[in-house]
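For reference, the chains in residue letters:
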Amino acid sequence: MVKHEWSLANLRSKAEFYCATAEHCSYEVRLKLQQWSATDEQIEHIVAHLQKERFVDEQRYCNAFVHDKLLYQGWGRMKMRAQLQAKHLPTAAIEQALNEIDRDTYMSVLTRVLATKKRSIKSADPQAREKLIRFAMQRGFTNDEINGII
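The rules behind each value
- Residues numbered from 1 in each chain as written.
- Predicted model: local features only at pLDDT ≥ 70, side-chain atom pairs only at ≥ 80, totals over all residues.
- Heavy atoms only, no water.
- Core = buried A, V, L, I, M, F, W, Y, C linked by side-chain atoms within 4.5 Å.
- Buried < 20%, exposed > 50% of the residue type's maximum accessible area, 1.4 Å probe, protein only.
- Helix = DSSP H or I, 4+ residues; strand = E, 2+ residues; numbered from the N terminus.
- Contact = heavy atoms within 4.5 Å.
- Salt bridge = Lys/Arg side-chain N within 4 Å of Asp/Glu carboxyl O.
- Phe/Tyr/Trp six-rings, centres within 6.5 Å; stacked < 30°, edge-to-face > 60°.
- Polar contact = N/O pair within 3.5 Å; in protein donor to acceptor, adjacent residues only side chain to side chain.

A word on the nonpolar core
Counting 29 residues, the largest nonpolar core has Cys 62, Val 66, Met 80, Leu 84, Leu 89, Ile 101 and Leu 110 as its most contacted members. Elements with a minimum of two residues in this core: helix H4 (58-73), helix H5 (77-86), helix H6 (91-99), helix H7 (103-120) and helix H8 (128-138). When residues of this core are assigned to their parent elements, the largest contribution, six residues, is made by H7. If we skip the residues at most four places from it in the chain, Ile 101 touches Val 66, Leu 70, Arg 77, Met 80 and Tyr 106.

Focus on the pattern of salt bridges
Within this structure, the stated rule accounts for seven salt bridges. Arg 60 serves as the salt-bridge partner of Glu 23, at 3.0 Å between the closest nitrogen and oxygen. Taken together, the positions of Glu 23 in the loop between helix H1 (8-21) and helix H2 (26-35) and Arg 60 in helix H4 put the pair 37 residues apart, joining distant regions of the chain. Judged by its relative accessible area of 30%, Glu 23 is partly exposed. Taking relative accessible area as the criterion, Arg 60 reaches 28% and is therefore assigned partly exposed.

Here we look at the packing of aromatic side chains
Applying the stated criterion across every chain yields a total of four aromatic pairs. With a centroid separation of 6.3 Å and 80 degrees between ring planes, the pair formed by Tyr 18 and Trp 36 is classed as edge-to-face. Of this pair, Tyr 18 sits in helix H1 while Trp 36 sits in the loop between H2 and helix H3 (40-52), placing them 18 residues apart in sequence. Residue Tyr 18 is classed as buried on the basis of its relative accessible area, which comes to 18%. We classify Trp 36 as buried; its relative accessible area is 18%. Summarising the aromatic geometry, the rings of Tyr 106 and Phe 141 are spaced 5.2 Å apart at their centres and angled 50 degrees between planes, so their arrangement reads as tilted. Of this pair, Tyr 106 sits in helix H7 while Phe 141 is found in the loop between H8 and helix H9 (143-149), placing the two residues 35 residues apart along the sequence.

Comments concerning the environment of Leu 8
Inspection of the secondary structure puts Leu 8 in helix H1. The exposure class of Leu 8 is partly exposed, given its relative accessible area of 30%. Those residues within four positions of Leu 8 in sequence are excluded, and the remaining contacts are Gln 42, His 45 and Ile 46.

Focus: the side chain of Ser 26
The residue Ser 26 is located in helix H2 in this model. One polar contact links Ser 26 to Glu 58, side chain to side chain, over a distance of 2.5 Å. Among residues more than four places away in sequence, those in contact with Ser 26 are Val 47, Gln 51, Val 56 and Glu 58.

Let's talk about the environment of Val 29
Its location among the elements puts Val 29 in helix H2. Its relative accessible area of 1% is what places Val 29 among the buried residues. Between the C-alpha atom of Val 29 and that of Leu 50, which follows or precedes it by 21 residues, the distance is 9.3 Å. Those residues in contact with Val 29, other than ones at most four positions away along the chain, are Tyr 18, Cys 19, His 24, Val 47, Leu 50 and Val 56.

Next up, the structure:
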C-alpha cells in the first residue's frame, strides 16, 4: 500500500473540512491526522490552527456530545463522562456539560429507556427488576436514579 505524502496546506484543508462537517474534539482530529500520515509537528501546528479558528472547541464538543448521547442514545451521565474522558477532554469541560443537563429531560430519558426495555422482558420473569437495573446501569445511570424511577 502506497502512503500519500500530503503538504501542510493540504492537511490543514482536509482537517478544516473534517471539522466543518461534524463536531470533533482535538483528540479525534489528531487521530485522523495520524491516519493521513502527518508528522507530530504538522499535527500540533494544524490542531493549534483549528483551535484558533474555532473549528475545534472542546467545550462546544462536550456540550454537543452530552446533548446527542442523552437524547438519541439514551445514555446516562456515568457513561457519557467515561466516553469523554477516553477522548482526553478537560475535566472542567466535561463536568460543565454534564451539569447543564436538564433534570426533567434526564429523568424522562431514563423513564423512556426503562419502559422500552421493560417491554422486551417477559412479565413472568422473576429477575425482571434486576435485568432493568443492570440494563440502565450499562447505559450510565446510577442506582439511585434507577430506583427513583422503578
